[in-house]
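Listed below, chain by chain, are the residues.
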Amino acid sequence: MKSSYVDNNYKNVFKALCFQIKPSRIVEFGILEGYSLHAMIQSSTKATKIDACDLFDEFPYNAAVYEQVKQNFSQYENVEVKKANFFGHEVNYENGQIDILHIDIANDGDTYKYALDNYMEKISIGGVCVLEGGSKERDNVWWMNKFSKPSIVEVISNEKYTEKYNIQVLEDYPSLTLISHK
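What you see is a predicted model, and the numbers here were worked out from it, not measured in a lab. (Residues numbered from 1 in each chain as written. Predicted model: local features only at pLDDT ≥ 70, side-chain atom pairs only at ≥ 80, totals over all residues. Heavy atoms only, no water.)

> Explain the sheet that holds strand E3 (residues 79-83) to me, please; I cannot follow it from the model alone.
Paired through backbone hydrogen bonds, the strands of a sheet run either parallel or antiparallel to each other. Sheet architecture is open: 7 strands sit in the order E3-E2-E1-E4-E5-E7-E6, paired in mixed fashion. Either end of the sheet is taken by a strand with one partner, and the two such strands are E3 and strand E6 (165-170). Strand-to-strand twist across the sheet, computed as the mean angle between neighbouring axes with direction ignored, equals 15 degrees. In this sheet, strand E7 (residues 176-181) lies alongside strand E5 (residues 123-132) in antiparallel orientation, the contact comprising 4 bridges. (Pairing = 2+ DSSP bridges. Helix = DSSP H or I, 4+ residues; strand = E, 2+ residues; numbered from the N terminus. Axes fitted to C-alpha atoms, helices over the stretch in contact; angles between N-to-C directions.)

> Just checking my understanding: could you explain the pattern of salt bridges for this structure?
Under the defined criterion, the tally for this structure stands at 9 salt bridges. Two residues, glutamate 80 and lysine 49, come together in a salt bridge whose shortest N-O distance is 3.6 Å. Highlighted residues: glutamate 80 in strand E3 and lysine 49 in strand E2 (residues 49-54), separated in sequence by 31 residues. With a relative accessible area of 37%, glutamate 80 lands in the partly exposed category. Owing to a relative accessible area of 33%, lysine 49 belongs among the partly exposed residues under this scheme. Ionic pairing is found between lysine 82 and aspartate 51, a salt bridge with its closest N-O pair at 3.8 Å. Of the two residues, lysine 82 sits in strand E3 while aspartate 51 sits in strand E2, which places them 31 residues apart along the sequence. Across the pair, exposure class does not vary: lysine 82 and aspartate 51 are buried alike. If you follow the salt bridges from partner to partner, you end up with Arg25, Lys49, Asp51, Glu80 and Lys82 in one network. (Salt bridge = Lys/Arg side-chain N within 4 Å of Asp/Glu carboxyl O. Buried < 20%, exposed > 50% of the residue type's maximum accessible area, 1.4 Å probe, protein only.)

> Quick question: what am I supposed to make of the side chain of glutamate 90 here?
Looking at the secondary structure, you find glutamate 90 in the loop between helix H4 (86-89) and strand E4 (98-103). Buried charge without a partner: glutamate 90 forms no salt bridge, and the closest opposite charge is lysine 122, 7.1 Å away. Among the polar contacts listed, one links the side chain of glutamate 90 to the backbone nitrogen of glycine 88, at a separation of 3.1 Å. There is a polar contact of 2.8 Å between the side chain of glutamate 90 and the side chain of tyrosine 114. (Lys, Arg positive; Asp, Glu negative; His and termini not counted. Polar contact = N/O pair within 3.5 Å; in protein donor to acceptor, adjacent residues only side chain to side chain.)

And the structure:
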């Protein structure tokens, strides 16, 4: 299964979060082939509602095939695989409704700002937002430089966010950032 998380076995982070939080609702943006999604399914109950969202063929780069992913996860009645854009989809959730939100959509500083400004209110008390990236090394990948993408590190070190949220970066490439309410 393709994923940038394989080398550092970040699957165990997702499993541990599910074990600790015992989520009622998980939302994931950026499925690819479902590496992290599968880990969260394995470590949550059948009562956990899971929305697995992606642009699929509308994403011009490393994309998965909608019908194939949908078929791969069709055996799980609590998982809904859907075409959805991260930007604007937050209106579909009530405040405090999401226990685990995972965002892995070619993240850059703008993705993080949007998540912090629009999705954090959707995260339950005791819940967590997990985003791919957050390390200096990840900020300097070729495509971030080539396309002059805004720095993630600058966003998560901004006092506007550090005063309001707990922010922890797991540095091993590609890195993960965990954000929760203070």
